Amino acid sequence: MKSLTDLRTGAVAVAAALALAGSARAADAGRPPYLDPAQPVEARVDDLLGRLTLDEKIALVHGDSKFTVAAIPRLGIPRRWLSDGPHGVREDVGPDTFKPANRTDDFATYLPVAVALASTWNPDAARAYGNVIGEEARRRGKDIMLGPGVNIQRTPLNGRTFEYLGEDPFLASRMAVSYIKAVQSHDVSSCVKHFACNSQETERNTVDVQMDERTLHEIYLPAFKAAVQEAGVWCVMGAYNRFRGQQCCENDYLLNQVLKTQWGFKGVVISDWNGTHNGTQAVLGGLDLEMGTAKPYADYYLARQFKEGIEKGAYPMSVLDDKVRRNLRVMFALHFLESRPEGSLNTAAHQETAQRVAEEGMVLLKNAGGALPLDAGAITSIAVIGENAVRLQAHGGGSTEMKALHEITPLEGLIRHSGGRINFTYSQGYGKEAGVAAADRAVRAAKAADVALVVAGLNHERTFDCEGADRNSLDLPYGQDELIRRVAQANPRTVVVLVSGSPVRMGAWLDQVPAVLQAWYAGCEGGRALARVLFGDVNPSGKLPCTFPKKLADSPAYALGAYPGKGGIEPYTEGLLVGYRWFDTKGIEPLFPFGHGLSYTSFAYSDLRLVAGTDSKGPVVTVEFKLTNTGSRAGAEVAQVYVHQAKPSLQRPLRELKGFRKVALKPGERQAVSIPLAREAFAFYDAEKAAWVAEKDDFEIAIGSSSRDLRLRGNFSLPVAATWK
Ligand code: BGC
């Protein structure tokens, strides 16, 4: 096996190419322009393109193992290494299988899952997270990291909800942009995925998504667009599903027209693994790098048959050249041919980031009578109940799985935190194999303890939070509802911690427990973070990035019978009304609303001022207000700005998130907060004009602690209309 150093830099190969540079041109110039870092990227691309043979060009547009693309040693082009994924650098597999490579040097930092990151509502946390991925990718010799996933949560049952950034395009965009910029600052490419409208795992390879143009642009595309235009992401992964009849990895409209032409994307479109289905469509439909097809590499659609097509004149060389250019451009832009940062793996700083994100992402859903935080000085015994208190979660979920160097479980975190001062009992209580006897034991333990802590939820097994299938229901599995009910009866001080990556139903027991904390899959330091939140070392500040419905039938795609579609077609009948846009517009009470999350302190909002101004594009408004910590603990509040248009010419959702700010405040501290709203905050997409439109109208601007807890309201009139592409 090659050493990591060889794999990482390709520097050895470059030196060999230089030594071999027998061409008169190279000798004349000292070195060929493509090897000269002082040359502009496009000049290097042009130069190298001209030196490639047809076979070499073809080699650059398809994989030569599960996660690599061939090197061209003659010219010093290194082999490219791709890796999952969004939550850290995945274990090495292959080369020709997804089975582990059984290396001993591929343990990595297991970060909290993406939905937990989104729950921080803190782009700085996303930046720190992206830095960990970038640094570890470098150390592990990876060039392209397959993440983040920014598909909008359309249904709470999507098996991949945990690896996405929630239901709101604005929030997902803000988090993704910070994440991607950070990863790419380490000379590693992010690969934002899955483009586009990949909202379910049921029939994921064939389902044909149908939606109107406005919904596409307002809900499902903004996070991708922000990744391209604001973060400068270098790779985009096509989705498995079809869109308007055509597979997404070969979709002329999505890839050629929207992504490349309208948005000006200059990087590489990568297929999802085995997501390429048709040679001609792949060649012409905008795919630039084919990966994971279930065929010998030479038989890939963008391999021999592409070459033969060029030779026969079925495809112009310019089509291949464009794909090659894109691949080379990314290599040069990220200095693949120069020495790149060494990176670092499993450092204390990375683990601290994992812990901080876990702490900031936990969402306190309910806290009646100040049940939390627990008083470590006053409690002598805690009955810890539930399989998720001891279950390791890193190595599951599909392509996001991690080979964690370590993972601190909830029980371990609690025990470590207590330093021997509290007596813990542990009962499994529920689980695949746990029966009534285990539940009985848990109830007895709960009765005997000061506090009962049920660590409930889902796991990464198929049909829960796992790639490849959707969940079958919103309910907790394994009889957990009944267990929690019984434990709560046995001990009124029952705290429920939910370890899951998607919403669950709680109706059977929510009224009977004083406190519920949504902890998500919290990464390698998750148990430590959990203990610090429960005991009050950390004041929770996470907010839900998705609505928790009371029941499935309240959720839009289900209420309309639009999921999982019929005859292979998935009509997005609910249109724009995804998540809170649906619940608010239809007046349906959620279990917990979008943006909800409690704190151990309290915050007051006051002194709203809407300050009108202009920027280079037209009128804007700055939302100014004061935020005060009115309690006795330090804490952080996520102030959220929602916009409502008074009389739109097209129907709009009741309100839409257009700004937010996380503000840390000491007890009694007051801070002025100012959140700018540019013209985009007022606009909708007009499909007839194929343009964004901000109408001359009145807008209500509401500022709140959640989408349903609005504290300040003001009105703003947009003085002139504007239309832009
Ligand atoms: C997933 C992608 C992943 C790829 C490579 C696919 O099954 O959909 O998200 O990056 O596999 O593991």
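Residues numbered from 1 in each chain as written. Predicted model: local features only at pLDDT ≥ 70, side-chain atom pairs only at ≥ 80, totals over all residues. Heavy atoms only, no water.

Turning next to the pattern of salt bridges. For the structure shown, the criterion picks out 58 salt bridges. Linking Asp-46 and Arg-325 is a salt bridge whose minimum nitrogen-to-oxygen distance equals 2.5 Å. Of the two residues, Asp-46 sits in helix H4 (residues 41-51) while Arg-325 sits in helix H14 (residues 317-333), which places them 279 residues apart along the sequence. A single network of salt bridges, built from pairs that share partners, joins Asp-92, Arg-103, Asp-105, Arg-140 and Lys-142. (Salt bridge = Lys/Arg side-chain N within 4 Å of Asp/Glu carboxyl O. Helix = DSSP H or I, 4+ residues; strand = E, 2+ residues; numbered from the N terminus.)

Omega for the bond connecting Lys-193 with His-194 falls within 30 degrees of zero, at -5°, which places this linkage in the cis form. In this fold, His-194 is placed in strand S5 (residues 189-195). A positive phi is found at Asn-274, a non-glycine position, where the angle reads about 70°. With respect to the element layout, Asn-274 can be found in the loop between strand S10 (268-270) and helix H12 (279-284). Here Trp-520, not a glycine, exhibits a phi torsion of approximately 60°, which is positive. Counting through the fold element by element, Trp-520 comes out in the loop between strand S16 (515-518) and helix H19 (526-534).

For the rest of this paragraph, the subject is helix H7 (residues 123-139). With 17 residues, H7 should cover 24 Å at 1.5 Å per step; its first-to-last C-alpha distance of 24 Å lies within 8% of that length. Of all the residues in H7, the buried ones are Ala-125, Ala-126, Ala-128, Tyr-129, Gly-130, Val-132, Ile-133, Gly-134, Glu-136, Ala-137 and Arg-138. N-capping of H7 is provided by Asn-122, with a side-chain oxygen placed 2.8 Å from the backbone N of Asp-124. At the C-terminal side of H7, Gly-141 shows a positive phi close to 75°. (Expected span 1.5 Å × (residues − 1). Buried < 20%, exposed > 50% of the residue type's maximum accessible area, 1.4 Å probe, protein only. Polar contact = N/O pair within 3.5 Å; in protein donor to acceptor, adjacent residues only side chain to side chain.)

What follows is about the packing of aromatic side chains. Applying the stated criterion across every chain, the model contains 22 aromatic pairs. Aromatic side chains Phe-464 and Tyr-478 sit 5.8 Å apart centroid to centroid with 80° between the ring planes, which places their arrangement in the edge-to-face category. Remark: Tyr-478 occurs in the loop between strand S14 (451-457) and helix H18 (480-490) and Phe-464 occurs in the loop between S14 and H18; sequence separation between them is 14 residues. Note on Tyr-478: relative accessible area 23%, which makes it partly exposed. Geometrically, the ring pair formed by Phe-682 and Phe-699 is edge-to-face, given 4.9 Å between the ring centres and 70° between the ring planes. Note that Phe-682 is positioned in the loop between strand S22 (670-677) and strand S23 (684-686) and Phe-699 in strand S25 (residues 698-706), a separation of 17 residues in sequence. Under the relative-accessibility criterion, Phe-682 is labelled buried at 0%. Looking at Phe-699, the relative accessible area reads 1%, which means it is buried. Each member of the aromatic cluster is reached from another via a ring pair, and the members are Trp-121, Phe-170, Tyr-580, Phe-594, Tyr-642 and Phe-660. Here Arg-154 stacks its cationic end above the ring of Tyr-572, 3.8 Å away from the centre of that ring. (Phe/Tyr/Trp six-rings, centres within 6.5 Å; stacked < 30°, edge-to-face > 60°. Lys NZ or Arg CZ within 6 Å of the ring centre and 35° of its normal.)

This part covers the pairing of strand S20 (residues 635-645). Of all eleven residues that make up S20, ten are buried, and the element is covered over most of its length. Bridge count for S20 against S25 is six bridges, and the pairing is antiparallel. The residue bridging Gln-645 from the neighbouring strand is Phe-699, located in S25. (Pairing = 2+ DSSP bridges.)

With that settled, consider the domain arrangement of the protein chain. Each domain of the protein chain was delimited in the assignment, giving domain 1 (4-93 + 121-333), domain 2 (363-539) and domain 3 (605-724). Inter-centroid distance (C-alpha atoms) of domain 2 to domain 3 is 36 Å. (Domains from an automatic or database assignment.)

Now for the site of the ligand. Near the ligand lie 14 residues; those nearest to it are Asp-84, Arg-160, His-194, Asp-272 and Glu-467. Asp-272 has a polar side-chain atom sitting 2.6 Å from an oxygen atom of the ligand. In the environment of the ligand, an oxygen atom lies 2.6 Å from a nitrogen or oxygen atom belonging to the side chain of Glu-467. Protein coverage of the free-state accessible area of the ligand, which is 310 Å², stands at 96%. When grouped by side-chain class, the residues that make up the shell around the ligand number five nonpolar, two polar and seven charged. (Near = heavy atom within 4 Å. Areas by Shrake-Rupley, 256 points an atom, 1.4 Å probe, with all protein chains shown as cover. Nonpolar A, V, L, I, M, F, W, Y, C, P; charged D, E, K, R; others polar.)

Let's shift gears to the sheet that holds S5. Pairing within the open sheet is mixed, and its seven strands lie in the order S1-S2-S3-S4-S5-S7-S10. At either margin of the open sheet sits one strand with a lone partner, and together these are strand S1 (63-65) and S10. As judged from the two bridges shared by S1 and strand S2 (residues 68-69), these two strands associate in the antiparallel manner. Opposite Gly-63, over in S2, you have Val-69 as the bridge partner. Its contacts with the sheet place helix H10 (residues 222-229) against S5 and strand S7 (235-238), and it is angled at close to 160° to S5. Those strands touched by H14 are strand S3 (80-84), S5 and S10, and its axis lies near 110° from that of S10. (Contact = heavy atoms within 4.5 Å. Axes fitted to C-alpha atoms, helices over the stretch in contact; angles between N-to-C directions.)

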